[in-house]
4 protein chains.
Amino acid sequence: MRVFLIGDVISQQGCDFLREKLPAFKRENQIDAVIANGENSAVGNGILPHSANFLFDSGVDVITTGNHVFKRWEIQEYLDEHPNLIRPANYPEGCYGNGYYLLDGGNWRLCVINVQGQVFMDALECPFRTCDRILSEVEADFYIVDFHAEATGEKMALAYYLDGRVSAVVGTHTHVQTADEQILPKGTGYISDLGMTGPILSILGVNPENIIRKMTTHLPTRFTVPDTACKLEGIVLDLTKQTGKCNKIRRERLV
Amino acid sequence: MRVFLIGDVISQQGCDFLREKLPAFKRENQIDAVIANGENSAVGNGILPHSANFLFDSGVDVITTGNHVFKRWEIQEYLDEHPNLIRPANYPEGCYGNGYYLLDGGNWRLCVINVQGQVFMDALECPFRTCDRILSEVEADFYIVDFHAEATGEKMALAYYLDGRVSAVVGTHTHVQTADEQILPKGTGYISDLGMTGPILSILGVNPENIIRKMTTHLPTRFTVPDTACKLEGIVLDLTKQTGKCNKIRRERLV
Amino acid sequence: MRVFLIGDVISQQGCDFLREKLPAFKRENQIDAVIANGENSAVGNGILPHSANFLFDSGVDVITTGNHVFKRWEIQEYLDEHPNLIRPANYPEGCYGNGYYLLDGGNWRLCVINVQGQVFMDALECPFRTCDRILSEVEADFYIVDFHAEATGEKMALAYYLDGRVSAVVGTHTHVQTADEQILPKGTGYISDLGMTGPILSILGVNPENIIRKMTTHLPTRFTVPDTACKLEGIVLDLTKQTGKCNKIRRERLV
Amino acid sequence: MRVFLIGDVISQQGCDFLREKLPAFKRENQIDAVIANGENSAVGNGILPHSANFLFDSGVDVITTGNHVFKRWEIQEYLDEHPNLIRPANYPEGCYGNGYYLLDGGNWRLCVINVQGQVFMDALECPFRTCDRILSEVEADFYIVDFHAEATGEKMALAYYLDGRVSAVVGTHTHVQTADEQILPKGTGYISDLGMTGPILSILGVNPENIIRKMTTHLPTRFTVPDTACKLEGIVLDLTKQTGKCNKIRRERLV
Ligand SMILES: [Fe+2]
Ligand SMILES: [Fe+2]
Ligand SMILES: [Fe+2]
Ligand SMILES: [Fe+2]
Ligand SMILES: [Fe+2]
Ligand SMILES: [Fe+2]
Ligand SMILES: [Fe+2]
Ligand SMILES: [Fe+2]
């Protein structure tokens, strides 16, 4: 079974580029399932029904999110109605939406889990215990965790904690792809960050001058996404049904 | 001119591995200067005269550091006496040591600058203004900035801010090598993080069970560095003397 | 029923002053129960069996703590053996010690609950939900919550959340007594911070020059507690048995 | 010389209450100068020309601010044109407005300085050094510092650092008045926080249910200011012209 995981898709520019590249990539690489982080897919940050629909229509099977998921109130109802758009599972009980999705591929079932880190971020529930709970509740052939977190130490800690119990743990949120893709000792695939899908000449998708102004003046600054050449970053995982483990992990950057 | 930059060297294990690999690598790759981040080179964290000497004796020309530089009081005097061991330049005036070092290669002079980020870290002086100040004070053919910082956005912001004015900006501190090495539009080489030099099967150099225990119990936990196979991570930069700019950047991982 | 709550007792100086002042105060004010925060009662920070015993022997019935509770490993076993020394209840399950204590006064039972904030602090469990859980599990005439937290907004939010369901919510951790003691609309007594017990001319109990050096140089600095005149800060609560509510709250500062 | 310092004035409700109470209080207490923190005086947060004018017209001589000063772009030009509306002096050079104001009372000159803390806040310039710089630049009979900061330790550190060199250091930002008003050993008046001016039954001026919802659900939540009975909190300082020091400090709460 082969899964393609795509880093944070930024605004309409990222969505358009994904639509341009994804179909051929899926065909040529015999991808069985596509997961993309869409927490910044809306124009102006967050995610909207429009941008979620756009990603689904472009070939994404499951959309994960992160700390920006609730930025736009229009997504609240949509989250309840579209179980394959998920939000971090460690948000408090009773929140809109769900923290995992069971994708049924006919002869396999893949459980996609989204959790958020606690270091330098909002104090949600403990992501370690949240994963334990979901793993004990949901039966599937494969489990993939999108760990939306800032600190490399926390990302690796969850990956080692889940090693051998899930197919892969992939990081998102920093928007910078890391070069540490690997298979952990007990068979779990891992990368600290998938990277992002959006303008190459940008700071995490945003115009460099916006970020520089903000950081050097501390003045409120409007962020814009440049209309320049894009990249799509992610990883391809090969998973083995008998074991549920990862036998290959490969970084991708489409330009 | 060719420079080799090495990510955070962890404890005696990292130091020993560096000594094993560096000499041959320098010879085979015709390296003119070696810079390594040594803020965690001492056994038990921080940096000590012993570990600094060990790195210099192994072929490192300039040691940079970061937020752990002052962990051990034994390094205070050493910092004042060894100008090629530097600490972040944006520590307050009057601190031990210096924030940059001018390495004289005979027919070139390379200014190595160390600065620390402000996002999710201690509030030192503004790293943007600190770099401006040093660039206006120090004359050199090449300037390389080790930006010891947590947030990817801040790292890239400083790099774009200095683009065309320095030879390279390289990030350290997260201990995870990123896959975004690039030459920015105006000629500055860049990578968000060099990675680290120490045990491969570890979390940022530390035994995974230590970090997992700490994060899941919130109890004080003693960190140990496993005695297992190591890696050495960094980048090789090719710099052009006429322009002071970067014409090639290549990621390295020696195992 | 009358309870005396005492702010963070600092080192041996604070302990000695408490022993000097508490017995007469109890007698003169007809105090039925004494609760003191002891997370910094040990010489050199944290709490030790010695300092806990000293506080109990001086007339304290229940010791609460906070983020420093586990600083000294010697307290681990003691926590399990002395249920009237409690630690924040929102530490992960399985931690040493307990998060509440039921004090039996013969004709009344007082449940003392300790919880820790999440804003600007470690990401423990949600303190709101932790309190809900304990309130539903433990039957008592009175409930008093020591909320060890940094942010005033979070402290008041928990107090309003519990208003009418507990006798009082008192803040600790900032070591500065606030002037906002009040009875909330539904009958819960409240103060944002009890203050501290230790040297008057100090910064949160520590020598001012230590803190100033640390903040202006960012160098590691040894903290000492001055041997100068002390104060003991806290509040006296009058509670009504029929309702479990607070009918009087009075700030105290003994010098 | 007698100065009245007023804690953060919240929205139109706080402004109206200030206008109702201030004139009589000034007259009855022979107040020579009034300083109020206005960073949240606009309806919907921040400060606007309208709310600043309203405060000036109500008898405020100098308005200080804090981390919310730049929330509304409409205030930018106004800051440059009205030197008695100040913002934290440790914002980067070149920002709108000024960090201090010299109030001329005829037979005295009072320099009001505004600085912001670094702990748990944005990384502005070092507030200690910023104060040093202003004190060396500006000649006046009295200096009063509004230190807009979160952590009690940082507030007291600046006060002890400036003890004997300024007339008073008063904290703002936590919106909760502290009970630690005092005159430091070398003559500087001090309180950790002035408190606020706005609805009594609120959390820092905001409807309690808004804050509770935000903290327990982590969902974006609209904050409203209740239209209920208000308080005005602050302190009255008596200053001696010969020494520039404080000889009396008294907490006030008008209801
Ligand atoms: Fe994102
Ligand atoms: Fe994010
Ligand atoms: Fe490091
Ligand atoms: Fe570091
Ligand atoms: Fe404490
Ligand atoms: Fe504490
Ligand atoms: Fe405010
Ligand atoms: Fe503020």
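Only a predicted model underlies this, so the values are computations on that prediction, with no experimental measurement involved.

S.K.: Sorry if this is basic, but what is going on with the relation of the copies chain D and chain A here?
M.R.: Mapping between the two copies of the chain is achieved by a rotation about an axis and a shift along the axis. Of the transformation superimposing chain D on chain A, the axial component is 0.0 Å and the angular component is 180°, with the fit at an RMSD of 0.0 Å. Seen this way, the second copy is the image of the first under a two-fold rotation axis. Of every C-alpha in chain D, the one belonging to F120 of chain D sits nearest the axis of rotation, 5.7 Å from it. Here 100% of the contact residues of chain D are again contact residues in chain A; the copies associate through an equivalent surface.

S.K.: I'm lost on the UniProt feature "binding site: Fe cation 1" (unreviewed entry) in chain A in this one. Help?
M.R.: Residues and elements named next belong to chain A. Within the UniProt annotation, "binding site: Fe cation 1" (unreviewed entry) is assigned to D8, E39, N40 and H175. Spanning 168 residues, the annotated positions come together in the fold, the maximum distance between their C-alpha atoms being 11.5 Å. In this fold, D8 is placed in strand β2 (residues 8-9). Judged by its relative accessible area of 0%, D8 falls in the buried class. Setting aside its immediate chain neighbours within four residues, D8 contacts N37, E39, N40, H148, H175, G195, M196 and T197.

S.K.: So what exactly am I meant to see when it comes to a nonpolar patch on the surface here?
M.R.: Together, I200, L201 and V255 of chain A make up a nonpolar patch on the protein surface, roughly 250 Å² of accessible area in all. Looking at V255 of chain A, the relative accessible area reads 60%, which means it is exposed.

S.K.: Hey, could you run me through the state of the cysteines in this one?
M.R.: Cysteine pairs can be linked by a disulfide, which is a covalent bond between their two sulfur atoms. A complete count under the given rule lists zero disulfides over all chains for this structure. Here C95 of chain A stays unpaired: no disulfide links it, and the sulfur of C126 of chain C, its closest cysteine neighbor, is 11 Å away. Between C230 of chain D, a cysteine without a disulfide, and C15 of chain D, which holds the nearest cysteine sulfur, the sulfur-to-sulfur distance is 10 Å.

S.K.: How should unusual backbone geometry be read in this particular structure?
M.R.: Most peptide bonds adopt trans geometry, and most residues besides glycine take a negative phi value. Phi is positive for F120 of chain A, which is not a glycine, with a value near 65°. Topologically, F120 of chain A is positioned in the loop between β6 (109-116) and α4 (127-137). Residue classification places F120 of chain A among the partly exposed positions, given a relative accessible area of 37%. Positive phi outside glycine occurs at H218 of chain D, with the angle close to 60°.

S.K.: Please clarify how the relation of the copies chain B and chain A should be interpreted in this entry.
M.R.: When chain B is fitted to chain A, the best match, at an RMSD of 0.0 Å, comes from turning it 180° and sliding it 0.0 Å along the axis. A share of 100% of interface residues in chain B that are also interface residues in chain A marks the association as one of identical surfaces.

S.K.: So what exactly am I meant to see when it comes to the interface of chain B and chain A here?
M.R.: How big an interface is tends to be expressed through the accessible area that disappears when the partners come together. Chain B puts 33 residues into the contact, and the matching count from chain A is 33 residues. Approximately 2900 Å² of surface area, both sides summed, lies buried where chain B meets chain A, with 69% of it carried by carbon and sulfur atoms. It is F120, Y160 and M215 of chain B that lose the most area in chain B upon contact with chain A, and together they represent 19% of the buried surface on that side. Here chain B and chain A share zero salt bridges between them. Those elements that place two or more of their residues in the side of chain B that touches chain A are α4 (127-137), α5 (152-162), α6 (208-217) and β13 (246-254) of chain B. No other element matches the seven residues that α5 of chain B contributes to the side of chain B that touches chain A. Looking at side-chain class alone, the side of chain B that touches chain A contains 19 nonpolar, eight polar and six charged residues.

What counts and what doesn't
One numbering rule holds for all chains: residues counted from 1, following each sequence as written. Chain letters start at A and ligand numbers start at 1, both assigned in the order the entries are written. Where local features are concerned, this predicted model is filtered to residues with pLDDT of at least 70; where side-chain atom pairs are given and counted, the filter is 80 or more; whole-chain, interface and lining totals use all residues. To get the side-chain values, take all heavy atoms of the structure and skip hydrogens and water. Least squares is the method for superposing the copies, and the C-alpha atoms it fits come from residues with pLDDT of at least 70 in both. Any two residues whose heavy atoms approach within 4.5 Å at even a single point are treated as in contact. UniProt positions are given in the numbering used here, feature names are shortened, and annotations may be inferred rather than shown by experiment. A run of H or I in DSSP counts as a helix once it spans at least four residues, and a run of E counts as a strand once it spans at least two, with each numbered from the N terminus. For each residue, the accessible area found with a 1.4 Å probe, counting protein chains only, is set against the maximum for its type, and the residue is called buried under 20%, exposed over 50%, and partly exposed in between. A patch consists of residues exposed above 30% relative accessible area that lack any salt bridge, with like charges linked at up to 9 Å and nonpolar side chains (Val, Leu, Ile, Met, Phe, Trp, Tyr) linked at up to 5 Å. To be clear on the numbers: accessible area is Shrake-Rupley with a 1.4 Å probe, and residue cover counts the displayed protein chains and nothing else. Counted as salt bridges are all cases of a side-chain nitrogen of Lys or Arg within 4 Å of a carboxyl oxygen of Asp or Glu. Criterion for a disulfide: a pair of cysteine sulfur atoms at a distance within 2.5 Å. Take the accessible area each of two parts loses on contact, using a 1.4 Å probe, and add the two losses: that sum is the buried area. Here the nonpolar group is Ala, Val, Leu, Ile, Met, Phe, Trp, Tyr, Cys and Pro; Asp, Glu, Lys and Arg are the charged ones; every other residue, Gly included, is treated as polar.

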